[in-house]
Every structure is written in C-alpha cells, then in structure tokens.
Amino acid sequence: MENTYKKMFKHCEQGLKSVGIPLKRAFLLLVLVFTSYSSLAQQSIISGQVTDSKTKDVLPGTSIMIKGTTEGTTTDLEGNYKLEAPEDAILVFSFIGYRNMEVPVNGRSVIDVRLEEDIEQLGEVVVVGYGTQEAEDVTGAIATVSPEEFNKGIITSPDNLISGKVAGVVVSPSTELGGGANIRIRGASSINASSDPLIVVDGVPIDNRGFAGGRNGLNFINPNDIESVTVLKDASATAIYGSRAANGVIIYTTKSGTKGKPKFSYSGSYASSQYFGDNPFLSAANYRAVIDLKAPQRLDELGEASTNWSEEVIQAVESQSHEISVSGGSENTSYYFSLSHMDNKGVLRTSSNKITRTSVKLSTQLLDDNLKIVFTNKNAFTNDVFAPNVLGAAYTFDPTRPVRAEGYEEFGGFYEWGNPNATGNPVSILLQTKDVGQTFRSFGNIDLTYKIPVVDGLSVQSVTGYDVNNGRNEVFRPTTLRNPTQDGFISLSRSNRRNFLSDNYLRYENSLARLNFDVTAGYSYQEFYREQVGYFGFNLATDQFGVNDPAQAETLNPIAPSAVTNKLESVFGRVNLKYDDKYLLTANIRRDGSTRFGEANRFGVFPSLALGWRILDEDFASGLTSVLSNLKLRAGWGKIGNQDFDDFLYEQTYGFSETDASYQFGDDYVLLIRPTAVDPDIKWEETTTTNIGLDFGFLNNRITGALEFYDKYTTDLIFFANVIASTNVGDRVFTNIGEMSNQGVELSLNTILADRNDFNWSVNLNAAYNKNEIIKLTNQNEGGVAFETGGISGDIGQNIQVLQEGFAINSFRTYKQKYNADGTPVVGSQIEMYEDINGDELINEKDLVVTGRPNADVTLGLTSNMTYKNFDLSFTLRSSLGNEVYNNTSSANGFYNRLTQFGFNNIHESTLKTNFNSPQLKSDYYLENGSFVRMDNITLGYNFSQLDFVQMRVYGTVQNAFTLTGYSGFNPDIPNGIDNNLRPLATNFIVGLNLTF
C-alpha cells in the first residue's frame, strides 16, 4: 500500500511539473481552496438594534466590528445595523460614553444589544468658562453634577438641583413658594456687596437680582431642561470671569438634541403638600389656665372660642406639573423643544405659583462641518399670588377669639382688636390682601464656531446673547382691612430689565512633540439696563376699583422712576499646557472695565495660575496601578473681583435733608438740599485664593474623589465705615476698607458599591469645613469695635449680631445667662440674671460677648442611587454641623407680660420654663445649636421594560421627608441664623410618570 501511494504522488508531481506547477505550491493552493469554501459556507447575515440599557434610547452611529478583523459597520439613525459575518465570529459594539460589549454570534441572525453607560467616559469632558476641558486635564477646583444626581421633588428652578451635592457649596432652599435658594461657595466673602455666585446660562452671565412681580430670577429655566451644572470654586477656575467671580461661578448647560429619529417625551407629576410642624404656642385651654394664673382679674374678658389660628392659615394643598419635549437630529442638525407648565400651591393659604416655559435649542453644521451654529431660546410666563407672612400673627393671636364675629362689619366681618398696636387678625390679612405678580422673561443666544481650514486647530467663536425680564406687581388692601395709619392701600409697580452680551474669541489647539497646548484669547462686552416705575396710594374713597383707579386714593405718591445702565467691557485670555501627558499648567488673565466705578478705578486686572501633576503616570508609580487608577496633584492661585453692589456709589447725588435739619424762613421751616457722602475712589473688592487639591481613584475608579485645601482672602472690602470729621459731608461712607478670610478643607468621595447585571448601587459623599473671620473693618486701632447688625423683632431697633474684627461675619452677641441648679434661667434683676463680664457691677453693652455664629463649621451631603432589576431607589441627605440659631420667635413672645400687651396675646411655651416676665431679647438662652440632618428627598421608581412601543417609568417622591435636630424652633436651616421670618416648610408627597416614545 505504501508503494502504491508513493507511485501516485510521483505521477502527480511529474504531471504538475509538466505544466510548470511545483508540488508544494499546488498543495498550498488546494488548502486555500478548501479553507475558503469552508468560510463561505459559514458566513451569515446578522441584523439588530442597539439601544441604551437604561433609557432604551436608540444609539445611532454605534460601531460594530468583527473582532480580529477590520470589517464592520455602524448603526443608522434608528439604531439598526446589518452586516455579514461568520457564524462563530465575535462582534464588538462600541459607542462614545458607553462600555464596549463583545457578543458571540453563535449562529444567530438577529442580535439586539443594550449598551451600558461608562461613567469614566461620561466624566471626561467638563464645562469651564468659555469652553470645555478634559477632566483629566483640569487643574482648578471644579465640580460637575449630572441629571442622575439632581435633587427630586417640586423643583421650580435649577438652583435647588444641587443642594447637598457639591463640597463647599451651601444651598439653603427658600421656604417661600417658588423662592430662590441662598447659595454660598466657600463662605461669604463680602459684607455690603453680594456674596451670591455668578450665574452663567449657556455661556451668558445673567442678572439674578430681584424684580417686581417675581420670586426667583432663575424660574425661567425648566430644571428638566438642564443637561449639567458645573461649579467653579477657586480662583484658578473662575478668574476667566474676572471682576464677577469672587463668590464662585455656577454654569448651567441646557439640553441639546442628538442624532436619531424624533424622540417624544412626557413628564407629569402630582403633589400633595402638608405642614407637619408643631405649634409652640399655648392651646386655648392652656392659654386660659395661664391667664387664670398670671392675670386672674382679666379672665372674664377672654372669648368663648377655641381657635387654632395656625390651622386657619395653613392648608394641605395639591400641585401639578406637566412637560412635553421632542428631540432628535440628522447627520448635521439636531433639535430640542420643550413646553412645560407648573401649577403650585403653597401651604400658606392663598399663595400660588404658576409657570409656563418654552425651550428651543437648534444646532447645525455647515461648510464641511467647519461652521457650527447653535441657537438657544427660553421663555417663561409666571403668575404669582403672594400670601402675606401671617404665621407669626397666627401663633400670637388670642386663641379664645373667633375668626369672624358679629358687629365687626367695618373690618369685613373679621374679629379685630380696638387697640391700634395689637396684632391683626391673620385670617383677615390673608383673605383681604391682594398681592399678585406677573413676569415675562425671554433669554436666548446664537453661538457660532468656525474652524479655520487653512490653520489646523484654529477656531473662532462668537456668542451673542440677550436676556429680557418684564415684571408687574399689584397690591391692594381694602378699607375693611384694619390698619391704624391707612384706610385702604394700593400700589402698582413695573420693572424692565435688559441684558445684552457679545463675546468673541479665538482658540488655537495644537501639539509639538510631547507638548500639547490650548490658547484662548477674546473680547467681551455686556450691558445691563433696568428701570422701575409705578405708584402707591392710601386712604381710598372706595374699594370697588382696586389698583385700577388710583384717583380714589386721597394720597398718591409716584415711585421715583429709575433708569440705570451699567456696562462691562473686557479682554481675556487662557493658556492650557500639557507636557508628556503628565505635567499640566493653566494660566488665565482678564482685564475688566466697569461703569460702576469712577475714572480712577474703572479698570482692573485679574490673573490666575494653576499647575497639575499626574503622579500615577510616572514610572516610579507603576507599582501603584494595581490599586490606584488616578492620582493627580493640583495647586492654584488667583486674584478675582466682586462688583455686585449698587451702581454709581462713587458719584455724589443730592437729596432733601431730614426734618430735624430744616432751615427756618420766617415762621416756616423748609428742608435743605444736601449732597450724599461718597468715596469717589471706590473700586471692586478683590479676593485672592490659594488652592491645593488631590484627585484620586481606586480599584479601577470604583472609588474616586478629591481632597481640597483652600485659603480665600478678601481685601478692599466695601463697608459703610466711619470717616474722619470734616473730611466728607457725612460721618459714614461706603468705602474700600475691610479684609476677610475664609479657610477650609473639602472632601468629595464617589463610590460604586455594586455593579451587576440586575443590581447597581452608587453612593456619593461630600464634606466641607470652613472658617470665616473678619480681619479688618476700620483704619484705626479699634479692634474691639463692634458694628451691630441682624435686626430682630420684639422691640424697636434691636440687633443680635455684630460685625467685629477677629470674629466670623454676623456673629451673635448676647449676655451670658445665669442658671439655677435645676437648669432653669435665673429670673430677677439684670445683675442677678446675667454675668458681669467686666466686673463693674452693671449690666450694659460692655457685658455683651460673642457667643456663636450662624454659619456651620462642617457641611455634609450624601446621595445614594440604587437600582434592582426595574426598580430604582435614590435619596439625598444633607447636614449642617456647628452653627447656631437665634430663636427670635421664642424671645419676642416668651414672657408673661406679653399675655395682656395691647389686648390679649398668646405666648411661646418656653415661657413656662423660663418664667420671664419681661422680654430678655439678648439672653443667650435663645441662642441654640442649629445643627441638623435633613432628608431632602427620597424617590422610589419602577421602569416598565416589557413595553416595546414606549419607555415608561412611574415614581413616588417624598421631599423634605424629615429633619433630625436639637433646635426647638421651626427650621434650623436659616442662612442668617435668625429665626423670625416664619414661613412653613412643607413636606411634599409626589407621584410622577415619565413616558418616552
């Protein structure tokens, strides 16, 4: 047999040689033929659709490659694909912002894939001033909050989205329906100027001051239209905004459309709001008992009713919100449209807030994709009913009196006291007062970016924006509303604000060997205009016409018309350098010129410099990569300004003197016209910030975070300071004189605790410590001089806070209360009740001492997001530690003499513990620990993944779920630390529905 095979191969070899083909080559040819035939036999057509694993959105442009080859395809606008591949091939699916997925074919012809978001990739690019930057190249203190992290609940404006989300950013939500939040970034840095951060919306800095007829300047933005919120905290990040950046910068970027077929969405919610606060005043029964004890001779004068006045002015209410949006796009054009309406009711009767908003964002690319045009427009129509703040009156009004009574027709049938100094009937005030506002705000810009073809990396960008805000406010109090000084009141005011912006800048990006650089240089011009007109009148002849007929007012006064324009003209530049992908440098400079200052100080220069070092990319750190996934050291310095105060403080104006400075002509006395005291050389405040930060990541970025140390020092602080006699026309003047310091530490920690197919859990924690101190307030050696501030109720002209060198801004200054052995305060003469600090056996202002501060030592935020199969659960906890609150509600009403003051009044329950007979407004007994932990919101949702034609999610949210605190008052979260502006903080129960087609 062996000889037979040898003969066969020999004959084949001879035959192949005769035609010129060697045997080895013929054998290889035969193998290739059989291999090709086998491959062709196993090829098949595969099709499918690629979608987002969570939202089910299609992902057009997804790359599908056959692993180990260069063959593949991409999905179309509807996320569909089709390609030919071997039955045993492996397909690799990849899309920007998503994790790559490898899928074996295994002989299938239809393969649908759901890609999961890649958290690392999504965080690669962050928004900064005048551009974007890769997160790994950032050298400043910058934090970005995404929609998944936003707060849930009745959110009327975007300022409440980030409460508790960013280290060092304290957001105290307003208790007023639709009101704006109080925001402080790394502490207050000014006394008389604003400490609010600069707000930038889609590249346009806006004027966020109050206006007629409105509650909150940011209400024109639908929170659901926000794509991201970026917070710039240190000077190296904010210096590009120059004279307006001392208090930090918050950048809101709104949603854009994405390539793909039209996507229609609906979001709706229904909310029930209730107030669960305890009434700290006496019930009708307890009130009668106390009157019997303290004023038995007047017991018979009490009424027969038992009225819970707080229940008469507070109500459970329902609110609703609806929104529709459509987005999509083609290869070169994208669009996003939204229409929303909110109808919110306040738990304080009569209060309401209605907002209708529209949003449009269009983007297109032309000229071979070198020209990009983005058009943005937002409009908001707001109608508000402002309820008078009568909760304090409700607590103190005599609980034995009825709401209405016979014989009180002159007051509209409401019971009222005859004494003009007595508290008014709170229900009468609520129901008879008409205070309404209407506003319209329109915002928009056109953003043009052109990549210059002849110079690679060079582009020019131009942003032209506008912001128009018109408001109207009407107030009507009829003659039947008791007022000892006015027999009816009307007022009408109109405001008009306009803001125009033109930004133009060049950007050049390139690289030389191992050096990458990015240079930006630009010019900016912004103009603000505001005016207000109107009138007010009192003593009405009739109530029939309200504000529509001002001639009915006996006394009618116009609101002095005001028209103010201020302009800001600037040039700015930035350089980003990256060497060897390890060493980073960012330098900013801006020169601002503002009409808010005189010629001598109209211009200012604001520089910054920051360095970064990616330690983990060094060769010596290679051994750490098994544990660490990121390690970057940052250091930055910069000088920035604050010009957010009244206009033209440098300019002397003239007005009438006070009546005690009149001049006699014969038998008549006339008022003098005299100039105001000004400092013509006033200029902007300047804040110098030094920041050292460390970015870190562990376990393939399952744990990431940042540690920041900062020193923020403000000079040329504007203060209403004393001046040397005869050097000015007044004894006090606004001038640059003060200095203030803020020093602190911040920690941000983001963790992925679970990342499985059916269970995911992430927890983000932030913590911040800040120490604030006033360094200087005068030019004289008067370190102990205290300037009183922080007005309180209970007596005329009383203050409980001070501005004093060596202490925090608005520190509390009180007497030190003495206590009995049982812990109750001593009652008697002042020398018996309070500590004699200076030992002169007298109790006076020399014995007042600083005993606390309203700002927290430490603030904390905790956000948890958890998903299990189709369920999701998220919550936000927020905490403030080390702050004090002055309980002015207790101090102004916590004494027995109040029972029969100007009639009959209810008193605070604390009176039963203190036994104070007279008010002790400056006792530190009323200064309480204001530390708290609050569950801002908790949400449970369910996604109906089994529906093919629609994506549907239902959810329930509890907002302001609970507060853990030792404070005895209503709400410890008070920015100024004085609890006397009583507005109920409601708990909101919300159910909602999200649909996407």
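Criteria and cut-off values
Residues numbered from 1 in each chain as written. Predicted model: local features only at pLDDT ≥ 70, side-chain atom pairs only at ≥ 80, totals over all residues. Heavy atoms only, no water. Helix = DSSP H or I, 4+ residues; strand = E, 2+ residues; numbered from the N terminus. Buried < 20%, exposed > 50% of the residue type's maximum accessible area, 1.4 Å probe, protein only. Contact = heavy atoms within 4.5 Å. Areas by Shrake-Rupley, 256 points an atom, 1.4 Å probe, with all protein chains shown as cover. Lys, Arg positive; Asp, Glu negative; His and termini not counted. Charge placed at Lys NZ, Arg CZ, Asp CG, Glu CD. Pairing = 2+ DSSP bridges. UniProt positions renumbered as here; feature names shortened; annotations may be inferred. Core = buried A, V, L, I, M, F, W, Y, C linked by side-chain atoms within 4.5 Å. Axes fitted to C-alpha atoms, helices over the stretch in contact; angles between N-to-C directions. Arc of directions from axis to C-beta. 1 Å grid on protein atoms, 1.4 Å probe; cavity = no way out; pocket = protein on both sides within 12 Å on 5 of 7 lines; lining within 4 Å. Points joined across faces, edges and corners; volume = space filled by probe spheres on them. Polar contact = N/O pair within 3.5 Å; in protein donor to acceptor, adjacent residues only side chain to side chain.

Draft legend 1. Inspection of the overall build of the chain at higher detail. Assigned secondary structure in the chain consists of eleven helices and 48 strands. Taking the principal axes of the C-alpha coordinates as reference, the chain spans close to 145 × 65 × 65 Å. Scored against the burial criterion, the 997 residues of the chain give a buried share of 48%. When contacts within the chain are restricted to residue pairs at least 6 apart in sequence, those whose partners lie at least 24 apart make up 68%. Accessible surface for the chain amounts to roughly 46300 Å². Of this, 54% is attributable to carbon and sulfur atoms. Put simply, the chain has 82 plus and 115 minus side-chain charges, and the middle of one group is 7 Å from the middle of the other.

Draft legend 2. Geometry of the sheet that holds strand β15 (residues 226–232). Strand order in the open sheet formed by five strands is β10-β15-β16-β13-β14, with mixed pairing between adjacent strands. Looking along the sheet, the strands with just one partner apiece sit at the ends: β10 (142–145) and β14 (204–205). As defined by bridge partners, strand β13 (residues 198–201) adjoins β14 across two bridges and the pair is classed as antiparallel. Within β14, the residue paired with Val 201 across the bridge is Val 204.

Draft legend 3. Layout of the UniProt feature "domain: TonB-dependent receptor plug" (unreviewed entry) in the chain. Under the local residue numbering, the UniProt record ascribes the feature "domain: TonB-dependent receptor plug" (unreviewed entry) to residues 135–249. Annotated as residues 135–249, this span is 3% helix and 23% strand, and its ends, taken at the C-alpha atoms, are 18 Å apart.

Draft legend 4. Quick look at unusual backbone geometry. Although it is not a glycine, Leu 699 sits at a positive phi angle of roughly 55°. Residue position: Leu 699 is located in the loop between β34 (685–698) and β35 (703–722). Despite not being glycine, Phe 902 has its phi angle at roughly 55°, a positive value. Structurally, Phe 902 is set in the loop between α10 (888–893) and α11 (911–914). For Phe 902, a relative accessible area of 35% gives the class partly exposed.

Draft legend 5. Broad picture of the nonpolar core. Core analysis: the largest hydrophobic core is formed by 32 residues, its most contacted members being Tyr 287, Val 313 and Leu 899. When contributions to this core are tallied by element, the ones reaching two or more residues are α5 (284–294), α6 (309–313), α7 (391–396) and α8 (426–432). Within the second largest apolar cluster, 27 residues are counted, among which are Ile 155, Val 231, Phe 443 and Leu 501.

Draft legend 6. Here's a closer look at the sheet that holds strand β2 (residues 63–66). Across the sheet, which stays open at both edges, the four strands sit in the order β3-β2-β5-β6 with antiparallel pairing between neighbours. In this open sheet, the two edge strands, each paired with only one partner strand, are β3 (72–74) and β6 (101–104). For this sheet, the mean angle separating the axes of adjacent strands, direction not counted, is 20°.

Draft legend 7. Spatial organisation of α5. Looking only at α5, the buried set comprises Ala 284, Tyr 287, Val 290 and Ile 291. Along the long axis of α5, the arc covered by the buried residues comes to 120°, so they all point the same way. Exposed and oriented more than 90 degrees from the buried face of α5 are Ala 285 and Leu 293. At its buried positions, α5 is contacted by α11.

Draft legend 8. Local environment of the pairing of strand β36 (residues 732–755). With 18 bridges connecting them, β35 and β36 associate as antiparallel partners. Across the sheet, the residue bridging to Gly 705 is Leu 749, located in β36. What sits between β36 and strand β37 (residues 759–776) in their antiparallel hairpin is a turn of three residues.

Draft legend 9. Highlighting empty space enclosed by the protein. Evaluation of the coordinates by the stated rule reveals four cavities of 30 Å³ or more. When its volume is computed, the largest cavity comes out at roughly 600 Å³. Every residue lining the largest cavity is counted, 37 residues in all, and those nearest its centre are Ser 174, Thr 175, Glu 176, Asn 960 and Asn 988. When residues of the lining of the largest cavity are assigned to their parent elements, the largest contribution, three residues, is made by strand β46 (residues 932–944).

Draft legend 10. Representation of the side chain of Thr 714. Of note, Thr 714 is situated in strand β35. Of the polar contacts made by the side chain of Thr 714, one reaches the side chain of Thr 687; its length is 2.9 Å. Residues within four places of Thr 714 in sequence aside, it is in contact with Ser 189, Glu 685, Glu 686, Thr 687, Gly 738, Glu 739 and Met 740.

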